[in-house]
Each structure stands twice: as C-alpha cells, then as structure tokens.
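# Fold and geometry: a report
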Amino acid sequence: MSRFFSDKYSSLKPYVPGEQPKEMIYIKLNTNESPFPPSKKAIELATAEAAALNLYPDPTCEKLRLAAAAALNISSDKIIFTNGSDDILNFAFMAFCSPVAPAVFPDITYGFYPVFAALNNIKTIVVPLKSDFTIDIDGLKKAKGTIFLANPNAPTGIALTRSEIEGIVKADRNRLVVVDEAYVDFGAESCISLTDSYDNILVVQTFSKSRSMAGARLGYAVGCKELIADLETIRYSTNPYNINRMTMAAGIGALFDEKYFKDNISEIISTREYVVEELKKMGMNVLPSKANFVFASSSRLSGETIYKELKKRGVLVRYFSVERTREYNRITIGSRKQMEIFIKVIKDILEEQK
Ligand code: PMP
C-alpha cells in the first residue's frame, strides 16, 4: 500500500475473482462462463464495428436499448446498460443505500455484495440462509434496508419463485428490492414483469452467462423509469462511455439470435440434469440448481480435497473456504463432453479414497 492510499479504502478487502489460468490446460468449470462461443451474429457485428473504434461509443446506448426493449417487451426508458452487471450492482449500492437504508442480503450469496457495501461505506444487515440453504423469506421481509437478492442464489443455485419475490416486494412498498438475475435463464422465473406493477423492484441481468459474452462485459437493469434515471445519474457521473462500441454491437447481434440463445440454454439444462444424476449416483449431496452450476458436497471427502484432487487432474472448480460452505464445491456446467470427463474424474477420485 502506498502512503497516498486514502484511509477510506485502506481496510477494503477486494472481491477475489475465480482463477483465470493463462494456459488452457484445464477443463474450466470455475467461473460460470458459457462453454459455447458467442452468437455468429454478435461476432459479425462486433467485427464490423471495430473499424469505428476511433470514435467514442453512443453514451445513450440507443440501438442496444431499443433492441433489448423489443426483446423484453418493455419500454426503452425502463432499461440501463453497464459494463457487466457488477457495474449495475455497484451503482445500485451507491444510489439506493444510505444510513437509513443499509444493504440487506443473505449470508451465503454473491461475494461481491459485501465488497460493494464496504467500498461505498454502507452498513449491512445479513439474513442467514436456513439450514437447507434456502432463503429466509420472513427474515428478509422483516429487515429494514435495500434488499439484494440473487435469484437463483449463488453459489447454491437455489431459486425462489416469482410469487415469493413478489411477496417480499409487496411486504414493504417503501423498500427497494434488487433482484440479481445473472443465472435466471437456466430455469428460474424472471421478475421483469413485476417492474410494471411495482416501483420498488429493480431486476439486474447479464449477457455473461446465457448469452456467452462474459468477455464483452455487458449487463443491464430493468425497473421503473425513475429508478433507471437515478442509475443513469450515477453512470453519467462515473463513465458515460462504459459500453464500448464492439460490445454494444455484439449485444445487438446476440439479441437478434434468439434461437441460438434458447438452444444453448436447453443444452446446459439437460447437461446439468445429467451431472446432478451422476453425482447423486456416487452418493454426493447436490443442491437443487436452477443455474448453470451445481453446488455439491461429499460425506467422504472434504470440499477442499475434492477441489485440489480435481485441479491436480486438470479440472478447475470453485471452492469457497468459508464456514458454512467449506464442504462444497461450485461446479459450472460446461459442454456435455467436458462434463462427461468431469464425472469420470470425480468418480476416480472417490473410488481411490475408498
Ligand atoms: N451476479 C452474480 C450472482 C454473479 O455470480 C455474477 C458473476 N460473477 C455477476 C452478478 C456479475 O456478472 P457480470 O459482471 O459478468 O455481468
């Protein structure tokens, strides 16, 4: 740390992203990326746009907003785009939390929420998950503050229904609920339709997972136009050019390619069901996932041993060494071929330790 670093940030513990190995010797199942390339249309439009990189991108993201609004059947003043959905989440902590509205979230959830809270000097109220790793809905309803709810939750993969979330939104119309739907396309119910009836819900989505564009960094939020205007105030006060030209073009291309998007999702879901079944056959405990990953543990081997043994054999998964989840690993659903190898490798590991 330099002597110039502000006291405000000196104790900040930054988010630790999953490993990104330089050499691709691993079957990479650790950061919930899509195993499929971006849509051909996305690549085509992004490539054509490269010739205009001497010019700033459109700060209003107009074409992209119009394309997304048409795809989602909403008006274009209800949507904002950012550089990945992490940006939106940070903006939401900045815009919608305060001393009277601390950030409320479960104890096991996306690890960036406490970091955004610390970065923005926001107090937090943590509502622990129940013992079966499901969300404590009543606990959230009672909490006073701005709720951040990943649905499906990460890293558990467990989802609430739309009507359960509507119950939380309705319980206090003067409290904002931010629903982080990074993984919603893999089998959960989106709450976007609730943004027509409630002005206290903001839905956050991303192109990183189901649209195979993690490397492009494109996220968005949908909510009533007043909430979106507040987020735009923050965006224009940080970096109005936060979506680069190629990403904007790729996003439009991806939205034109609905069939590719839907086909990839069905493939991931059916591969997930195969993985769950195989892991259960080996006696592993697998939480019910509606995401492109599963969270699994074994009564025979510790989470850390499984993580290390997999890594030794060239398979990378995500291990979180915190108290309640240290027996588990989060395994991204890759291609069918990758997952067949993963199943074979984990079977060998369990057999060897018998
Ligand atoms: N929310 C959740 C729950 C996530 O797991 C992630 C991915 N790490 C994000 C948001 C952010 O995704 P991105 O910034 O790539 O859109």
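Fair warning: this is a prediction, and the values are worked out from it, not measured in the lab.

## Notes on the nonpolar core
Ranked by size, the top nonpolar core spans 49 residues in total, and within it Phe81 and Ile201 carry the most contacts. The residues that make up this core include at least three from each of domain 1 (13-37 + 259-349) and domain 2 (40-256). Ignoring any residue separated from it by four or fewer positions in sequence, one finds Phe81 in contact with Cys61, Leu64, Arg65, Ala68, Phe207, Leu218, Gly219, Tyr220, Arg235, Asn242 and Ile243. Core analysis: the second largest hydrophobic core is formed by 37 residues, Tyr274, Val275, Phe293 and Ile346 among them.

## Digging into the site of the ligand
Taken together, 13 residues are adjacent to the ligand, and Ser85, Asp180, Tyr183, Thr206 and Ser208 come closest. Separating an oxygen atom of the ligand from a side-chain N or O atom of Arg217 is a distance of 2.7 Å. In the complex, the protein chains occlude 91% of the 410 Å² of accessible area that the ligand would expose alone. A total of three residues in the shell around the ligand trace back to one element, the largest contributor, which is helix 3 (residues 85-96).

## Some thoughts on the domain arrangement of the protein
Once the domains are mapped, the protein shows domain 1 (13-37 + 259-349) and domain 2 (40-256). Computed over C-alpha atoms, the centres of domain 1 and domain 2 are 24 Å apart. Across the contact, 28 residues belong to domain 1 and 29 residues belong to domain 2. Summed over both partners, the interface of domain 1 with domain 2 buries about 2300 Å², with 66% contributed by carbon and sulfur atoms. There are one salt bridge connecting domain 1 and domain 2. Between Arg324 and Asp107 there is a salt bridge, with its nearest N and O atoms 2.8 Å apart. Counting across the domain 1 and domain 2 interface gives eight residue pairs in polar contact (both at pLDDT 80 or more). Contributing elements (two or more residues each) for the side of domain 1 that touches domain 2: helix 9 (258-281), strand 10 (293-297) and strand 12 (328-332). In terms of residues, the side of domain 1 that touches domain 2 owes the most to one element, helix 9, which gives six residues. Looking at the side of domain 1 that touches domain 2, its residues break down into 15 nonpolar, seven polar and six charged.

## Quick look at the packing of helix 3 against helix 7 (residues 225-238)
Contact geometry of helix 3 with helix 7 gives a least axis separation of 10 Å together with a crossing angle of 105°. Classified by the interaxial angle, the pair formed by helix 3 and helix 7 is roughly perpendicular. Contacts from Phe91, Ala92, Met94, Ala95 and Phe96 in helix 3 reach Leu227, Asp230, Leu231, Ile234, Arg235 and Thr238 in helix 7. For the contact of helix 3 with helix 7, the residue count by class is eight nonpolar, one polar and two charged.

## So, the sheet that holds strand 9 (residues 285-286)
One open sheet accounts for three strands, arranged 9-10-12; its pairing is antiparallel. Of all the strands in the sheet, the pair left with one neighbour each is strand 9 and strand 12. The strands touched by helix 9 are strand 9, strand 10 and strand 12; relative to strand 10, the strand with the most contacts, the crossing angle is about 5°.

## Describing helix 9
Here helix 9 spans 35 Å end to end across 24 residues, near enough to the 34 Å set by a 1.5 Å rise per residue. Looking at helix 9, one finds that the buried residues are Phe261, Asn264, Ile265, Ile268, Thr271, Arg272, Tyr274, Val275, Val276, Glu278 and Leu279. Just past helix 9, the residue Gly283 takes up positive phi, approximately 85°.

Reading the values: rules and limits
- Residues numbered from 1 in each chain as written.
- Predicted model: local features only at pLDDT ≥ 70, side-chain atom pairs only at ≥ 80, totals over all residues.
- Heavy atoms only, no water.
- Core = buried A, V, L, I, M, F, W, Y, C linked by side-chain atoms within 4.5 Å.
- Buried < 20%, exposed > 50% of the residue type's maximum accessible area, 1.4 Å probe, protein only.
- Domains from an automatic or database assignment.
- Contact = heavy atoms within 4.5 Å.
- Near = heavy atom within 4 Å.
- Polar contact = N/O pair within 3.5 Å; in protein donor to acceptor, adjacent residues only side chain to side chain.
- Areas by Shrake-Rupley, 256 points an atom, 1.4 Å probe, with all protein chains shown as cover.
- Helix = DSSP H or I, 4+ residues; strand = E, 2+ residues; numbered from the N terminus.
- Buried area = accessible area lost by both parts, 1.4 Å probe.
- Salt bridge = Lys/Arg side-chain N within 4 Å of Asp/Glu carboxyl O.
- Nonpolar A, V, L, I, M, F, W, Y, C, P; charged D, E, K, R; others polar.
- Axes fitted to C-alpha atoms, helices over the stretch in contact; angles between N-to-C directions.
- Parallel < 35°, antiparallel > 145°, perpendicular 65-115°, else oblique.
- Pairing = 2+ DSSP bridges.
- Expected span 1.5 Å × (residues − 1).

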